[in-house]
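Per-entry structural report
Now for the letters of each chain:
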Number of protein chains: 2
Amino acid sequence: MSTLVEVGRLAGVTPATVSNVLRGRGRVSEATRERVLAAVQQLGYRPNLNARALVEGRPHTIALIVSSIANPFYPEFALAAEKAVRKHDYFLLVCNTNNDPAQEAAYLDAVGGSLAQGVLVMNADFVRVDELLALRRRGVPVVLCMWEKPDEAPDLPYIAVDFHQAGVIAAEHLLKLGHTRIGAIVGSEPTGNHIWRYRGFCDALARAGVPHPPDEVRFGGDTIDAGRNAAHALLAAVPDLSAIFVSNDLPAIGVLQAAADLGLEVPADLSVIGITDIQLAHQVRPALTTVAVPTEEAAELAVQLMMQVIEDGAQQIARCAVASTPQLVVRASTGRVRRARKSA
Amino acid sequence: MSTLVEVGRLAGVTPATVSNVLRGRGRVSEATRERVLAAVQQLGYRPNLNARALVEGRPHTIALIVSSIANPFYPEFALAAEKAVRKHDYFLLVCNTNNDPAQEAAYLDAVGGSLAQGVLVMNADFVRVDELLALRRRGVPVVLCMWEKPDEAPDLPYIAVDFHQAGVIAAEHLLKLGHTRIGAIVGSEPTGNHIWRYRGFCDALARAGVPHPPDEVRFGGDTIDAGRNAAHALLAAVPDLSAIFVSNDLPAIGVLQAAADLGLEVPADLSVIGITDIQLAHQVRPALTTVAVPTEEAAELAVQLMMQVIEDGAQQIARCAVASTPQLVVRASTGRVRRARKSA
DNA sequence: ATGAAAGCGCTAACAG
DNA sequence: CTGTTAGCGCTTTCAT
């Protein structure tokens, strides 16, 4: 692995000149320029990014902390984030904490040791805001991606997505189709991340004068299995539902499976709607109707915010950027209410 | 962000001593040890990894090149790789090339500039072996993960998985269930990555004396959609198949959907088997019977090989480690052949 | 047991 | 237009 000095030696100039050529700084004669470039070529020289980061005080790397990679949404977001940082000529370091606080601590320490210049944190149920504040105090830019709880805005820059509105949109879609017996399955604890999605749903129903008794909702995990189990429980308790609102696509797919288990036709017997629009949503059968969250846009906004925070240096005022409103994507899992089904 | 010097000043020692304390080197008295640690604590000091990498000549980072993150297998493998490198106290830099040669080049250049110490390359259809050889020539350790073609062993260290045997196992499972009309869907080009899986299948059938005419196979992409389309085409041409071998789980799930489209019951009317055992395989309904590839083990082997190559320095002899044999995982998508179906 | 000094590869002023 | 110089933060002999 050759160095600037070697390139310079080969080209008959000093390292400084080579550096100037490579970075387009300073004035360099065309002749030496070409000589230098030839030497670079010949030696297969690549600038040592560590040395550069050291002298510049920061690496061209942004870290993304995700809590799990099992949920396909996270890889999808990671992809979007990577695209976004590459646009700014940064590299993305994906840090999967696997829900392990030790892992997370190790990563945050490393980032604090300038493994990366800033850290994007994918909002999951287990964000340790205190740790992040400590990191920020150490001078590391931190941006939260996809904050879900407008009432608990953290003292950190973050990207907000209006999940309440997503819940409203989902509910209104079902209402418009004539459903009045609508159950709900929430992919988090009652105080968890998805609570505002559910509130949006409830608000829309209330506004429409459609009752939603507390026994027609189930809370659970953000997985296919949890969704399936919750649907089985819900439909056993309340068999005459004609539609189910699910707070996320993964459990919604589980609901689809539960319907199949029970011999219910979707959407003839049961309509199902999710939120997010992960890839899988259009790959399952029936394809899932859902409320698409602007993932790519959120990732871009997060990176833009990060760049601003980096520019502004120590400032780091807690700001926030709001992504555009989620959009209804109608597929095959929802339809007009047809007939009341018999109780089991 | 504080430095060694500042910590030393606060503790009343030189940076060298602080370094010794932090790395457990040299002899340090218990008294100063504690003073130093206290200072570290108080300042929230974190060693600058760039400086360390610079002086040590290499960063504690391994890169993983993946071609796409759309296929859920890659994130799963990335997770496994991350776990494996963390065991050796390295960080994993996930480089998603998104099948874009420019991206890949950018990453490889950066790695060559010691963004990472070595690079794990996930085997996809588009591995640019020449680029990798060039990188290796520059002194960067390269390890190929999951090489599929035993007859085209690259001149680079790699992890082999016996995909031929995976094909054999899948075929034998179907044969044991009494199937004799077995179609095949291959998730790659006829010369592509999955070819040895298909050969395994063919060999097993041949050995059993079961015919497999060339019009009972379809080649396509490694996606759910491609699998579904291929299945529709295959079943339209050869309606009396009682089972379909699919070279990967994703297209196998597509086949499951095609069966549902056509009103075929799985496994009563049609058995379906895949290869890999991605998470989705047991989340779909009916749950997919598949031949599980030892993903975690392969990742661990790849990292171990990487560590060896790193130790051995410039040697970098092309070696190879073979992961253990794939294992049959019987779920709900395969069953005994029941009856001959009528032609459509 | 601790300190002094050199240097990793690069960039940024400033000098010539 | 190009060279000189200093230094980023850390590790590592080698002295003391």
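Parameters at a glance
- Residues numbered from 1 in each chain as written.
- Chains lettered and ligands numbered in written order.
- Predicted model: local features only at pLDDT ≥ 70, side-chain atom pairs only at ≥ 80, totals over all residues.
- Heavy atoms only, no water.
- Helix = DSSP H or I, 4+ residues; strand = E, 2+ residues; numbered from the N terminus.
- Rg over C-alpha atoms; globule rule 2.2 N^0.38 Å.
- Buried < 20%, exposed > 50% of the residue type's maximum accessible area, 1.4 Å probe, protein only.
- Contact = heavy atoms within 4.5 Å.
- Areas by Shrake-Rupley, 256 points an atom, 1.4 Å probe, with all protein chains shown as cover.
- Lys, Arg positive; Asp, Glu negative; His and termini not counted.
- Charge placed at Lys NZ, Arg CZ, Asp CG, Glu CD.
- Phe/Tyr/Trp six-rings, centres within 6.5 Å; stacked < 30°, edge-to-face > 60°.
- Lys NZ or Arg CZ within 6 Å of the ring centre and 35° of its normal.
- Salt bridge = Lys/Arg side-chain N within 4 Å of Asp/Glu carboxyl O.
- Pairing = 2+ DSSP bridges.
- Axes fitted to C-alpha atoms, helices over the stretch in contact; angles between N-to-C directions.
- UniProt positions renumbered as here; feature names shortened; annotations may be inferred.
- Parallel < 35°, antiparallel > 145°, perpendicular 65-115°, else oblique.
- Nonpolar A, V, L, I, M, F, W, Y, C, P; charged D, E, K, R; others polar.
- Polar contact = N/O pair within 3.5 Å; in protein donor to acceptor, adjacent residues only side chain to side chain.
- Right-handed = clockwise from strand over helix to strand, strands pointing away.
- Least-squares fit on C-alpha atoms with pLDDT ≥ 70 in both.
- Buried area = accessible area lost by both parts, 1.4 Å probe.

Per an unreviewed UniProt entry, chain A goes by DNA-binding LacI/PurR family transcriptional regulator and derives from Niveibacterium umoris.

**Remarks on the overall build of chain A**
Looking only at helices and strands, chain A has 13 helices and 12 strands in total. Here the C-alpha radius of gyration of chain A, 26 Å, is well above what a compact globule of 344 residues would show, namely 20 Å. Seen through its C-alpha atoms, chain A measures out along the principal axes to roughly 90 × 40 × 30 Å. Here chain A holds 344 residues, and the buried ones make up 57% of them. Taking the intrachain contacts of chain A between residues at least 6 apart in sequence as the baseline, contacts between residues at least 24 apart amount to 73%. For chain A, the accessible surface area stands at approximately 14100 Å², while carbon and sulfur atoms represent 52% of it. Mean positive and mean negative side-chain charge positions of chain A (32 and 36 charges, respectively) differ by 5 Å.

**Quick notes on the packing of aromatic side chains**
Residue and element names in this part refer to chain A. The tally for this structure, following the rule as stated, stands at 14 aromatic pairs over all chains. Ring geometry for Phe73 versus Tyr74: centroids 5.7 Å apart, planes at 65 degrees, classification edge-to-face. Given a relative accessible area of 12%, Phe73 falls into the buried group. Residue Tyr74 is classed as buried on the basis of its relative accessible area of 12%. With centroids separated by 6.1 Å and ring planes inclined at 20 degrees, the aromatic side chains of Tyr198 and Phe201 adopt a geometry described as stacked. With Tyr198 and Phe201 both in helix H9 (residues 195-207) and 3 residues apart, the pair spans about one turn of that helix. Neither Tyr198 nor Phe201 differs from the other in exposure class; each is buried. For the cation-ring pair, Arg199 lies above Trp196, with the distance from its terminal atom to the ring centre recorded as 4.5 Å.

**Topic: the pattern of salt bridges**
Residues and elements named next belong to chain A. Per the stated rule, a full pass over the model turns up 26 salt bridges over all chains. For Glu30, the salt bridge identified is with Arg33, shortest N-O distance 3.7 Å. Here Arg33 and Glu30 lie together in helix H3 (residues 30-43), a separation of 3 residues that amounts to about one turn. Three or more residues are tied together by salt bridges with common partners; here these are Arg181, Glu216 and Asp240.

**Examining the sheet that holds strand S9 (residues 271-276) of chain B**
Residues and elements named next belong to chain B. Pairing in this open sheet of 6 strands is mixed, and the strands run S7-S6-S8-S9-S10-S12 from one edge to the other. Strands with a single pairing partner mark the edges of an open sheet, and in this sheet they are strand S7 (217-219) and strand S12 (327-329). Averaged over all pairs of adjacent strands, the angle between strand axes in this sheet comes to 20 degrees, irrespective of strand direction. Here 3 bridges tie strand S10 (residues 289-292) to S12, and the two strands are oriented antiparallel to one another. The partner of Val291 across the bridge, within S12, is Leu328.

**A word on the UniProt feature "domain: HTH lacI-type" (unreviewed entry) in chain A**
Under the UniProt annotation, "domain: HTH lacI-type" (unreviewed entry) lies at residues 2-56 of chain A. With 71% helix and 0% strand, the stretch residues 2-56 of chain A has end C-alpha atoms that lie 20 Å from each other.

**With respect to the packing of helix H1 (residues 4-11) of chain A against helix H2 (residues 15-23) of chain A**
All names here are of chain A. Remark: H1 packs on H2, axes separated minimally by 8 Å, with the N-to-C direction vectors making an angle of 100 degrees. As the angle between them shows, H1 and H2 are arranged roughly perpendicular. Only Pro15, Val18, Ser19 and Leu22 of H2 make contact with H1, whose side of the interface consists of Leu4, Val5, Val7 and Gly8. Split into classes, the residues belonging to the contact of H1 with H2 amount to 6 nonpolar, 2 polar and no charged.

**Comments concerning the environment of A:Thr289**
Residue and element names in this part refer to chain A. Secondary-structure assignment places Thr289 in strand S10 (residues 289-292). Taking the C-alpha atoms as reference, Thr289 lies 21 Å from Glu216; in sequence the two are 73 residues apart. Ignoring any residue separated from it by four or fewer positions in sequence, one finds Thr289 in contact with His173, Val272, Ile273, Gly274, Leu328, Val329, Val330, Arg331, Ala332, Ser333 and Thr334. In terms of polar contacts, Thr289 uses its side chain to reach the side chain of Thr334, at 2.9 Å.

**Re the pairing of strand S1 (residues 61-66) of chain B**
Residue and element names in this part refer to chain B. Of all 6 residues in S1, 6 are buried, a share of seventy percent or more. Judged by which residues are buried, S1 turns out to be covered on both faces: Thr61, Ala63 and Ile65 on one side and Ile62, Leu64 and Val66 on the other are all buried. In this structure, S1 lies alongside strand S2 (residues 91-96), joined through 6 bridges in parallel fashion. If you follow Val66 over to S2, its bridge partner there is Asn96. The parallel pair S1 and S2, bridged by helix H5 (residues 73-87), forms a crossover whose chirality is right-handed. In the sheet, S1 pairs with strand S3 (residues 118-122) via 4 bridges, with the strands oriented parallel. Across the sheet, residue Ile62 finds its bridge partner in S3, namely Gly118.

**Comments concerning the environment of A:Leu135**
All names here are of chain A. Note that Leu135 resides in helix H7 (residues 129-137). On the accessibility criterion, Leu135 (2% relative accessible area) is buried. For the pair formed by Leu135 and Gln304, sequence separation is 169 residues and the distance between their alpha carbons is 20 Å. When sequence neighbours within four positions are dropped, the list of residues in contact with Leu135 reads Leu108, Gly112, Val119, Val140 and Val142.

**A short note on the relation of the copies chain A and chain B**
Applying a rotation about an axis and a shift along it to one chain copy brings it onto the other copy. Of the transformation placing chain A onto chain B, the axial shift is 0.0 Å and the rotation is 180 degrees, giving an RMSD of 0.1 Å. Overall, the copies show the geometry of a two-fold rotation axis. Comparing contact sets, 100% of the residues at the interface of chain A also lie at the interface in chain B, consistent with an isologous, same-surface contact.

**A short note on the pairing of strand S3 (residues 118-122) of chain A**
Residue and element names in this part refer to chain A. For S3, the buried fraction is high: 5 of the 5 residues fall into the buried class. Of the two faces of S3, the one carrying Gly118, Leu120 and Met122 and the one carrying Val119 and Val121 are both buried. In this sheet, strand S4 (residues 142-147) lies alongside S3 in parallel orientation, the contact comprising 4 bridges. Bridge pairing in S4 links Val119 to Val142.

**Remarks on the interface of chain A and chain B**
At the interface, 47 residues of chain A touch 47 residues of chain B. Each partner contributes to the roughly 4400 Å² buried at the junction of chain A and chain B, and carbon and sulfur atoms together form 54% of this total. Across the contact surface, chain A and chain B share 4 salt bridges. Residues A:Arg285 and B:Asp261 are paired through a salt bridge, measuring 3.2 Å at the closest nitrogen-oxygen approach. Applying the counting rule to chain A against chain B returns 20 residue pairs in polar contact (both at pLDDT 80 or more). Looking at the side of chain A that touches chain B, the elements with two or more residues in it are helix H4 (49-56), helix H5 (73-87), strand S2 (91-96), helix H6 (101-112), helix H10 (224-237), helix H11 (249-261) and helix H12 (280-283) of chain A.

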